[in-house]
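Structural features, examined
What follows is the residue order along each chain.
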Amino acid sequence: MCIRDSSCLYISKEKPEPITCEMLKNQLIVGDTFEVMPKLPEAFVDLLIVDPPYNLRKDYHGNCFNEKKAEEYRQYTEQWVKAVIPLLKPTATVYVCCDWKSSMIIGDVLQKHFRLRNRITWQREKGRGAKENWKNGMEDIWFAVKDRKNYYFDVEAVKMRRRVIAPYRENGQPKDWECTEQGNFRSTYPSNFWDDISIPFWSMPENTDHPTQKPEKLYAKLILASSEVGDVVFDPFMGSGTAAVVAKKLNRNFCGIELNEEYCLWAAKRLL
């Protein structure tokens, strides 16, 4: 059976009732994603955004993820990938966050099950300094689809507004750019390197105490480009709920699973 309180959904471990797609829309599910996903209906997800634990030791307020050997982390990745595949629509798009080290394993696993389209790299402003290494200021997001030709991508929704340095004119008129009181600008196609993202600093309204919270703007780009209004955005490692919050702001439906009940309450508060 399913038990719903004022903010979150709990799925019983013992003979749960059949769960429908409608029941999952705009729901935060408390539980272990590996136990919950097998109980969810097939083919209800339009857009999958995954921010799994990177292969680092990290304390998620009492739930510790310990660094694994490469082969163990590969098996862990295979486990959640295989669990999520039945939940995806044939036209679904997949984005998976990772750091430079886990990226090599995650990308390799994803290409076995999906069609890889690109690897996005985004720049973080802060990170711990390293005396014997380069400071890590980048993270990756793998972009994959189930069907190489049949998926949604709206590039117009994510075009970049760039200042024109060397304006070109044709017959005296601006070519592919606009002259404004603020300067000359062009709307350009976005690349797979993003340097316009601010991570949630403590003073920003979206900030929580989650140790690996992703920026809302980062997820907004993914959701705008790869889903339509009314689509279902699914996050099996929801954390503090960034995917759910951004999906709601952009008039998409959301569904997320999170092991830590306190994180689910943070997400519910952000949604309110």
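A brief report on the enclosed structure follows.

About the cut-offs
- Residues numbered from 1 in each chain as written.
- Predicted model: local features only at pLDDT ≥ 70, side-chain atom pairs only at ≥ 80, totals over all residues.
- Heavy atoms only, no water.
- Helix = DSSP H or I, 4+ residues; strand = E, 2+ residues; numbered from the N terminus.
- Contact = heavy atoms within 4.5 Å.
- Core = buried A, V, L, I, M, F, W, Y, C linked by side-chain atoms within 4.5 Å.
- Buried < 20%, exposed > 50% of the residue type's maximum accessible area, 1.4 Å probe, protein only.
- Pairing = 2+ DSSP bridges.

What follows deals with the side chain of S102. Structurally, the position occupied by S102 is in helix α4 (residues 100-113). Apart from the residues within four sequence positions on either side, S102 is in contact with Y54, N55 and Y73.

Another point: the nonpolar core. Ranked by internal contacts, the top residues of the largest apolar core, which has 39 residues, are L24, I29, L40, F44, L48, L87 and F234. Beyond its immediate chain neighbours, meaning those up to four positions away, F234 contacts M37, L40, F44, V45, L47, L48, I49, V84, L87, C255 and I257. Counting 33 residues, the second largest nonpolar core, distinct from the first, contains L47, I120, F143 and V246.

Another aspect to go through is the pairing of strand β4 (residues 45-50). Across the six residues of β4, six count as buried, placing the element largely inside the fold. Looking at chain direction, β4 and strand β7 (residues 88-98) are connected through five bridges and run parallel. Following the sheet pairing, L48 is matched in β7 by V94. Here β4 runs beside strand β16 (residues 232-235); their pairing, made up of two bridges, is parallel. Each bridged residue has a counterpart across the sheet, and for L48 the counterpart in β16 is F234.

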